Amino acid sequence: MRSILAVATTLTVLAVPAAAAAKAPPGPDRGLVVAGTSEGAFLSWRLFKREATGHSATGLTGTNFHVFRDGRRIATVTDSTNYLDPGGSATSRYQVAAIGGKRSEPTATSATNHFDLPLRKPADGVTPAGEAYTYAANDMSVADVDGDGQNEYVVKWDPSNSKDVSQIGYTGPVYVDTYELDGTLRHRIDLGVNIRAGAHYTQFLVYDFDGDGRAEIMMKTAPGTRTVRNGQSRFITLPRADTARGYRNTDDYRLSAAGYHEHLVAMFRGWATHPEVVAGRWPATVDAALGLTPAGRSAEELADYFIDVYAPARSARNVLRTFQGFIVDGPEYLTVFEGATGRELETVPYKPGRHDDGLMWGDYAMPRIEPANRVDRFLAGVAYLDGRHPSAVFARGYYTRSTLVAYRWNGRHLVENWYVDSGWVPMANPFNDSPHGRDGTDPVFGKLTTQGFHSLSAADVDGDGRQEIVYGAATIDDDGRLLYSSTGVLPEGSAAPGQRVRLGHGDAMHVTDIDPDRPGLEIFTVHENGTSAPYGMAMRDAQTGEVLFGSYSGRDTGRGMIGDVLPDVPGIESWASMPGGSEALGLHTAQGQVLPGAIPGTNQSIRWSPDLTTQIVNGAGDVTPTIDDWQRGTVLTAEGTRTNNGTKGNPSLVADILGDWREELLVRTTDSTAVRIYLSTAPTSHKLYTLMDDRQYRVEVARQQTTYNQPSYPSFYLAADTGWSRVPLR
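Parameters and conventions
Residues numbered from 1 in each chain as written. Predicted model: local features only at pLDDT ≥ 70, side-chain atom pairs only at ≥ 80, totals over all residues. Heavy atoms only, no water. Pairing = 2+ DSSP bridges. Helix = DSSP H or I, 4+ residues; strand = E, 2+ residues; numbered from the N terminus. Axes fitted to C-alpha atoms, helices over the stretch in contact; angles between N-to-C directions. Contact = heavy atoms within 4.5 Å. Polar contact = N/O pair within 3.5 Å; in protein donor to acceptor, adjacent residues only side chain to side chain. UniProt positions renumbered as here; feature names shortened; annotations may be inferred. Buried < 20%, exposed > 50% of the residue type's maximum accessible area, 1.4 Å probe, protein only. 1 Å grid on protein atoms, 1.4 Å probe; cavity = no way out; pocket = protein on both sides within 12 Å on 5 of 7 lines; lining within 4 Å. Points joined across faces, edges and corners; volume = space filled by probe spheres on them. Nonpolar A, V, L, I, M, F, W, Y, C, P; charged D, E, K, R; others polar.

Per an unreviewed UniProt entry, the chain carries the name Rhamnogalacturonan lyase and comes from Paractinoplanes aksuensis.

Below, the structure written as structure tokens:
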């Protein structure tokens, strides 16, 4: 039996179930954790969905449990999956077992409510521009990669010079590690110099896609991506067509400032042959596109004029003479890795490819000229599109051209389910246009443009047993058809009162059963298009896309959250925030009634309390994270840890990974030598299966790390007033 290691000499770590080594565990992995409290030893363990057979007034019924201390049975628990033992000692070891079933592995008692997963921090580095950078642990995912019944932990390392896709500069490489709970590093995937570091670039899916009991890892890769394991490294296999073209794993496609100038010169030299120019949809010359007369300047002169005169005149933020660190050409791939070893299983071209540096995507069209911005917006998720098997969904673009592709992994090859493409948004002049909010060229999917968010969700919105893709303000049916694209009417005071427009892009989205008095699921979203958006926040029917209620803001409404923060108010509350604040965007009931006053935080939520209410994770940057209850105040201060992703203040992960149905908080230590895992130790009288057994919640955990991390939600209503007869058992 492999033991759990304590790596901090001044910290007593929480005892957790040891992983199996030479033999399988004697019983199902209950995720048993034992923490010492002032009232005794607190035990928490899993109930599986298959073990629940009925409902009571406070939870589910079915399997009941015996609790053992030092081999002797001390209790039978029927109404929860917790037990508080006042009679144990520091040396006591506990087991639980379903009545008539096998006992779990013995677990020791600890004095704390957290434990550390040790990490191996990557070495510091220096960019080609001579800038030093360091590493910090960032987003995480969990899955059983080796089939032993216990989760492994996948950690993405971001360099300190990680960039938003719109920001200029080099970044260090991104690493993705897979660890056992004791800190054993199974392997490291080095994405290489041709994958930029930032929230928008690397969405890593960790899931058992082929049903063999062992999870795979899927993500976007490029020449230079390699797996490092046991001191040896191996590059991914480039497709034959690419090696025949001369591409190699030693290629470096990062643009220097001088390289970007050369890139522009080449673009301008080939202007006359561009398909949009040939078709007569764009100006015939670069001079005409830039408003220069007479024509006849060389490509070099045009590049200088564009960088030094034209771009700054559009916006003072256009400082293209220093544009560097981006990857705007070279191959792009999607790779499937074996989760246990990091071994490459298959590498295919990423679909769709970038096509160009963003010219066709509208990256040069707006006043803020941002090459490689809209073209490099990526999303990913997992969905049971056929109701039985998981598929991987990867998306590119959401402001202008919007694409999604779904794949099944059959154990040997990726098989495409469907592909959705809005087509390009037509522009009269790629250097001066407003492509947002206009249809793409596809007669059906053209309505997707400007509807995508910085995340997506998979949920069965129409109740047919198959999951759809909630793509921000639009939804793709399980078979790849467009289910709907939501619109609204602009109100008085907006940019065009009375005009029907898309709900449009936004930063935060939440999908679950928010109003238990309505059938089906709801979608809560916030929107950033200011006076061009009909709502700053909106609640929609998930099946039809109809707006149930919403508030116009006229400004970029950047954050929004849902949660049962007021247990005496039926349903789940929703709220939104923006600079300057607005009561109209404040706390709302599930039916849309405004509750005056302040609002909770909007960074991340967590199910921490024993009463089924929602708590909020606060703290960003160098602020110590806390878990706060809207009525009871701070219930946890995670000393010695930090959240991620700047002002967004995201934990590495919030998920039900151990113990009962409540969620654990996973945050990095300040020095990133470990991920600290906190669990709630307040006994609960509610009996519910592990949330990971709910299909929607499980795939939401798999996509939680995508871009702007959003909480994971179950497929059913879960709040202080949960009607237990409506909790699904199958």
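Colleague: Describe the sheet that holds strand β44 (residues 633–637), and please don't skip the residues or the numbers.
Modeller: With antiparallel pairing, the four strands of this open sheet are ordered in space as β41-β42-β43-β44. At either end of the open sheet lies a strand with only one pairing partner, and these are β41 (604–606) and β44. Pairwise comparison of adjacent strand axes, ignoring direction, gives a mean angle of 35 degrees for this sheet. Here β41 runs beside strand β42 (residues 615–618); their pairing, made up of three bridges, is antiparallel. Its bridge partner being in β42, Gln604 is matched across the sheet by Val617.

Colleague: Tell me about the environment of Gln467, and name the residues and values.
Modeller: Looking at the element boundaries, Gln467 is found in the loop between β27 (457–459) and β28 (468–471). Placed 413 residues apart in sequence, Gln467 and Gly54 show a C-alpha to C-alpha distance of 25 Å. In this structure Gln467 touches Val382, Ala383, Tyr384, Leu385, Ala458, Ala459, Asp460, Asp478, Arg695, Gln696 and Val699, once residues within four positions along its chain are discounted. Polar contacts involving the side chain of Gln467 include one to the main-chain amide nitrogen of Tyr384, which spans 2.8 Å.

Colleague: Please give an account of the UniProt feature "domain: Rhamnogalacturonan I lyase beta-sheet" (unreviewed entry) in the chain that cites residues and values.
Modeller: With numbering aligned to this structure, UniProt lists the feature "domain: Rhamnogalacturonan I lyase beta-sheet" (unreviewed entry) at residues 29–109. Taken end to end, residues 29–109 is 0% helix and 49% strand, and its two terminal C-alpha atoms sit 18 Å from one another.

Colleague: A description of the sheet that holds strand β17 (residues 205–207) should follow, citing residues and the corresponding values.
Modeller: Pairing is antiparallel across the open sheet formed by four strands, whose spatial order is β17-β18-β21-β22. Two strands in the sheet have a free side with no partner beyond their single neighbour: β17 and β22 (344–349). On average, each strand axis in the sheet is inclined to that of its neighbour by 15 degrees, with strand direction left out of account. Here β17 runs beside strand β18 (residues 216–221); their pairing, made up of three bridges, is antiparallel. Among the inter-strand pairings, Val206 is bridged to a residue of β18, identified as Ile217.

Colleague: Quick rundown of the side chain of Asp148? Include the residues and the values.
Modeller: Mapped onto the secondary structure, Asp148 falls in the loop between β13 (135–143) and β14 (152–159). Look at Asp148 and you get buried, because its relative accessible area is 15%. A distance of 2.9 Å separates a polar side-chain atom of Asp148 from the backbone nitrogen of Gln150.

Colleague: Hey, could you go over the layout of surface pockets for me, with residue numbers and the actual values?
Modeller: Its volume calculated, the largest pocket comes out at about 1,300 Å³. If you trace the largest pocket, you find 43 residues lining it, with Met692, Asp693, Asp694, Arg695 and Arg698 closest to the centre. Here the lining of the largest pocket takes three residues from helix α6 (residues 695–703), the largest share from any one element. Among the residues forming the lining of the largest pocket, the class breakdown is 14 nonpolar, 12 polar and 17 charged. Taken together, 42 residues form the lining of the second largest pocket, with Tyr399, His436, His505, Glu528 and Asn529 sitting closest to its centre. Among the elements that line the lining of the second largest pocket, the one with the most residues is strand β32 (residues 500–502), at three residues. Its residues placed into classes, the lining of the second largest pocket shows 10 nonpolar, 17 polar and 15 charged.

Colleague: Which residues make up unusual backbone geometry, and what values do they have?
Modeller: With an omega dihedral of -10 degrees, the bond running from Thr293 to Pro294 counts as a cis peptide bond. You can see Pro294 is positioned in the loop between α4 (286–289) and α5 (299–314). Cis peptide bonds are those with omega within 30 degrees of zero, and the linkage from Lys351 to Pro352 qualifies with -10 degrees. Checked against the element boundaries, Pro352 lands in the loop between β22 and β23 (378–383). Phi angles above zero are rare outside glycine, and Asp70 is one such case at about 50 degrees. Relative to the elements of secondary structure, Asp70 occurs in the loop between β5 (65–69) and β6 (72–77). With a relative accessible area of 51%, Asp70 lands in the exposed category. Phi angles above zero are rare outside glycine, and Ser672 is one such case at about 60 degrees. Judged by relative accessible area, which is 1%, Ser672 ranks as buried.

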